[in-house]
There are 2 protein chains.
Amino acid sequence: MPCVTDAEHPRPSLDDPAYRQGVVDLLGLLAAGEYLAFERLVSEASFAPTLGQRLRIATIAIGELGHHRLLRERLEVLGEDPEEVMARFLPPLERWHAMTAPSDWLESLVKAYVGDSIATDFYREIGAVLDEETAALVLEVCSELGQTSVMVEEVRAAIQADPRRAGRLALWGRRLVGEALSQAQSVAAEHDALADLIMSESVASQIDLVELLERLTSAHVARMSALGLDA
Amino acid sequence: MPCVTDAEHPRPSLDDPAYRQGVVDLLGLLAAGEYLAFERLVSEASFAPTLGQRLRIATIAIGELGHHRLLRERLEVLGEDPEEVMARFLPPLERWHAMTAPSDWLESLVKAYVGDSIATDFYREIGAVLDEETAALVLEVCSELGQTSVMVEEVRAAIQADPRRAGRLALWGRRLVGEALSQAQSVAAEHDALADLIMSESVASQIDLVELLERLTSAHVARMSALGLDA
């Protein structure tokens with residue numbers, strides 16, 4: 001799905017202090033997430049069988065670092081200390097990566113693809129209901145995500161070559177999503193402003209949380225199925 | 001020391017097949033080394049206490065990836081398959097990184113600084129005695145190395161804050177160099193063309209291997225001493 005905004009709904013305003021704090025938290029979460037995506041993609045690419053493949057992943061990773069810089073700069077424009085805001089969101093993100101450390105190249109590919117795809121879906125959904133400036137940034141980052149789709153073909157070919165891999169990778173996909181939901185819950189529980197942002201009237205009138213999770217989940221199931229995996 | 005060439009000596013020529021093969025091996029070794037330097041710097045930066053420090057290391061690492069690309073392109077210009085050439089040099093380089101996996105931020109800083117400095121010294125020495133085109137590339141990369149010197153102050157401050165760290169870090173410095181010498185020996189033993197290049201008349205007339213090792217070692221000792229460490 002493309003990264004588009006819905007022009008029919010009124011936008012919330014950064015003049016609302018509660019909304020603004022929620023946006024700051026959201027930018028901090030995304031900026032920290034993009035930095036870790038860069039770091040872990042580079043590390044986990046070391047499983048790749050050839051240097052050429054490692055280099056392709058590194059190039060995608062450097063794109064994530066570019067997103068990190070954009071989000072960080074926006075926090076500075078809002079008068080925030082990016083370090084301080086991001087530091088609050090590092091623990092759950094680091095926990096997710098620690099709980100989903102791949103043990104081989106295929107797990108590393110599936111993680112990169114699943115993580116990037118869920119992030120793209122989330123950026124698109126949340127971007128559509130933010131104030132215009134924040135939305136423009138979030139959708140700019142979103143439009144550059146999805147580069148891991150080149151990895152799909154390699155995973156599919158590996159499963160066709162040895163169908164026994166499908167069971168293990170299906171479990172792996174479930175673990176990636178399960179751990180993501182678990183850390184997302186802890187983020188929501190520990191960060192009232194972010195939870196309030198998502199539950200706020202201006203946002204909640206457009207995003208039903210249950211429906212959002214259903215959409216993210218069904219997109220994940222469709223992707224796993226396209227890989228030849230039961231989700 | 002600056003990266004300069006010695007204009008007084010005649011240059012070897014790529015028309016000499018044995019010299020050319022040695023240059024191909026050298027470029028493959030350096031290109032693979034720069035890729036791994038990128039990957040490991042990014043991974044090992046995760047020990048940094050703040051995201052700001054991680055980001056600074058990542059920026060230096062991306063510079064190493066730029067060097068990798070330059071060296072790789074040169075291999076292509078020479079009609080070689082960079083993947084194939086680099087793959088021959090990955091095992092000793094990966095062994096060095098595996099044997100020198102830091103266990104904390106200070107070890108990670110010392111490794112980055114020592115590794116970068118020895119690489120800079122080696123590039124400068126070897127660059128001075130190669131054919132002009134290869135020398136220009138090697139010295140271009142060399143001139144961009146040495147960015148890890150910003151890390152020195154942090155290590156020195158950490159040792160002053162707790163002098164007990166000095167003993168452990170001095171041992172660490174010795175291990176970094178010892179493992180590097182050990183892997184360098186295995187590279188020389190397994191790659192005749194590279195050994196021949198360094199031992200060849202045109203190169204050997206200008207570089208005495210024993211003196212080269214002495215210079216690299218004494219530069220290392222001086223750097224460790226500047227950090228407040230016995231080498």
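Only a predicted model underlies this, so the values are computations on that prediction, with no experimental measurement involved.

Novice: Would you mind showing me how to read the overall build of chain A here?
Specialist: Of the regular secondary structure elements, chain A holds 10 helices and 0 strands. Principal axes of the C-alpha set define a box for chain A whose edges measure 55 × 30 × 30 Å. Split into buried and exposed, the 231 residues of chain A put 52% on the buried side. Nonlocal contacts in chain A, meaning residues at least 24 apart in sequence, comprise 82% of its contacts between residues at least 6 apart.

Novice: Is there a simple way to think about the interface of chain A and chain B in this case?
Specialist: Where interface size is given, it is often the accessible area lost as the parts come together that is meant. Taken together, the contact between chain A and chain B spans 24 residues of the former and 24 residues of the latter. Contact with chain B buries surface across chain A, with Leu51, Arg54 and Leu55 of chain A losing the most and accounting together for 30% of the total. Note that glutamate 94 of chain A and arginine 54 of chain B form a salt bridge whose closest N and O atoms lie 3.3 Å from each other. Looking at the side of chain A that touches chain B, the elements that each hand over two or more residues are helix 1 (17–44), helix 2 (51–77) and helix 3 (82–99) of chain A. Among the elements that make up the side of chain A that touches chain B, the one with the highest residue count is helix 2 of chain A (11 residues). Here the residues of the side of chain A that touches chain B are counted per class, giving 12 nonpolar, 6 polar and 6 charged.

Novice: Got a minute to help me understand helix 1 (residues 17–44) of chain B in this structure?
Specialist: All names here are of chain B. The end-to-end C-alpha separation of helix 1 is 40 Å, in line with the 40 Å expected for 28 residues at 1.5 Å each. Counting buried positions along helix 1 gives 20 out of 28 residues, so the element sits mostly inside the fold. For helix 1, the N-terminal cap is aspartate 16; the gap from its side-chain oxygen to the backbone nitrogen of alanine 18 is 3.1 Å.

Novice: Can you help me understand the packing of aromatic side chains in this one?
Specialist: Here the distance between the centres and the angle between the planes together describe a pair of aromatic rings. A full pass over the atoms with the stated rule returns 2 aromatic pairs over all chains. Stacked on the ring of tryptophan 96 of chain A, the Lys or Arg lysine 111 of chain A has its end atom at 5.1 Å from the ring centre.

Novice: How should I be thinking about helix 5 (residues 132–144) of chain B in this particular structure?
Specialist: In an α-helix, one full turn covers 3.6 residues, which means residues spaced three or four apart are oriented alike. Residue and element names in this part refer to chain B. For helix 5, with 13 residues, the first-to-last C-alpha span of 18 Å sits near the 18 Å given by 1.5 Å per residue. All of the buried residues along helix 5 are Thr134, Ala135, Leu137, Val138, Leu139, Val141 and Cys142. Turning to helix 5, the residues buried within the fold contact helix 1, helix 2 (51–77) and helix 4 (105–127). The positive-phi residue at the C-terminal boundary of helix 5 is glycine 146, with phi of around 85°.

Novice: Looking at this structure, I do not really get the environment of proline 163 of chain A. What am I missing?
Specialist: Residue and element names in this part refer to chain A. By the element assignment, proline 163 lies in the loop between helix 6 (150–161) and helix 7 (165–190). With a relative accessible area of 58%, proline 163 lands in the exposed category. Taking the C-alpha atoms as reference points, proline 163 and aspartate 230, 67 residues apart in sequence, are found 12 Å from one another.

Novice: Help me out: how do you make sense of the relation of the copies chain A and chain B in this one?
Specialist: Mapping between the two chain copies consists of a rotation about an axis together with a translation along that axis. Expressed as a screw transformation, the operator carrying chain A onto chain B has a rotation angle of 180° and an axial translation of 0.0 Å, and the superposed copies differ by an RMSD of 0.0 Å. Overall, the copies show the geometry of a two-fold rotation axis. Across chain A, the rotation axis passes nearest the C-alpha of serine 43 of chain A, at a separation of 2.7 Å. The overlap is high: 100% of the interface residues of chain A also sit at the interface in chain B, so the same surface is used on both sides.

Novice: Would you mind showing me how to read the packing of helix 2 of chain A against helix 2 of chain B here?
Specialist: Two quantities define a packed helix pair, namely the angle between the axes and the distance from one axis to the other. For the pair helix 2 of chain A and helix 2 of chain B, interaxial distance at closest approach is 12 Å and the crossing angle is 140°. By the angle between their axes, helix 2 of chain A is oblique relative to helix 2 of chain B. Like other packed secondary-structure pairs, helix 2 of chain A and helix 2 of chain B cross with a definite hand, here left-handed. Listed contacts from helix 2 of chain B to Gly52, Leu55, Ala58, Thr59, Ile62, Leu65, His68, Arg69 and Arg72 of chain A of helix 2 of chain A are Gly52, Leu55, Ala58, Thr59, Ile62, Leu65, His68, Arg69 and Arg72 of chain B. Here the contact of helix 2 of chain A with helix 2 of chain B is built from residues that sort into 8 nonpolar, 6 polar and 4 charged.

Novice: How should I be thinking about the pattern of salt bridges in this particular structure?
Specialist: Two side chains with opposite charge may pair up if their charged atoms get near one another. Residue and element names in this part refer to chain A. Applying the stated criterion across every chain, the model contains 32 salt bridges over all chains. A salt bridge links arginine 168 to glutamate 107; the nearest nitrogen and oxygen atoms lie 3.0 Å apart. Here glutamate 107 lies in helix 4 (residues 105–127) and arginine 168 lies in helix 7, a separation of 61 residues in the sequence. Relative accessible area serves as the criterion here: at 35%, arginine 168 is assigned to the partly exposed category. On the accessibility criterion, glutamate 107 (8% relative accessible area) is buried. Each of Asp25, Glu84 and Arg88 takes part in salt bridges that share partners, so that together they form one network.

What counts, and where the lines are drawn
Residues numbered from 1 in each chain as written. Chains lettered and ligands numbered in written order. Predicted model: local features only at pLDDT ≥ 70, side-chain atom pairs only at ≥ 80, totals over all residues. Heavy atoms only, no water. Helix = DSSP H or I, 4+ residues; strand = E, 2+ residues; numbered from the N terminus. Buried < 20%, exposed > 50% of the residue type's maximum accessible area, 1.4 Å probe, protein only. Contact = heavy atoms within 4.5 Å. Buried area = accessible area lost by both parts, 1.4 Å probe. Salt bridge = Lys/Arg side-chain N within 4 Å of Asp/Glu carboxyl O. Nonpolar A, V, L, I, M, F, W, Y, C, P; charged D, E, K, R; others polar. Expected span 1.5 Å × (residues − 1). Polar contact = N/O pair within 3.5 Å; in protein donor to acceptor, adjacent residues only side chain to side chain. Phe/Tyr/Trp six-rings, centres within 6.5 Å; stacked < 30°, edge-to-face > 60°. Lys NZ or Arg CZ within 6 Å of the ring centre and 35° of its normal. Least-squares fit on C-alpha atoms with pLDDT ≥ 70 in both. Axes fitted to C-alpha atoms, helices over the stretch in contact; angles between N-to-C directions. Parallel < 35°, antiparallel > 145°, perpendicular 65-115°, else oblique. Left-handed = near helix turned anticlockwise from the far one by under 90°.

The values are spatial; any link to function lies outside them.
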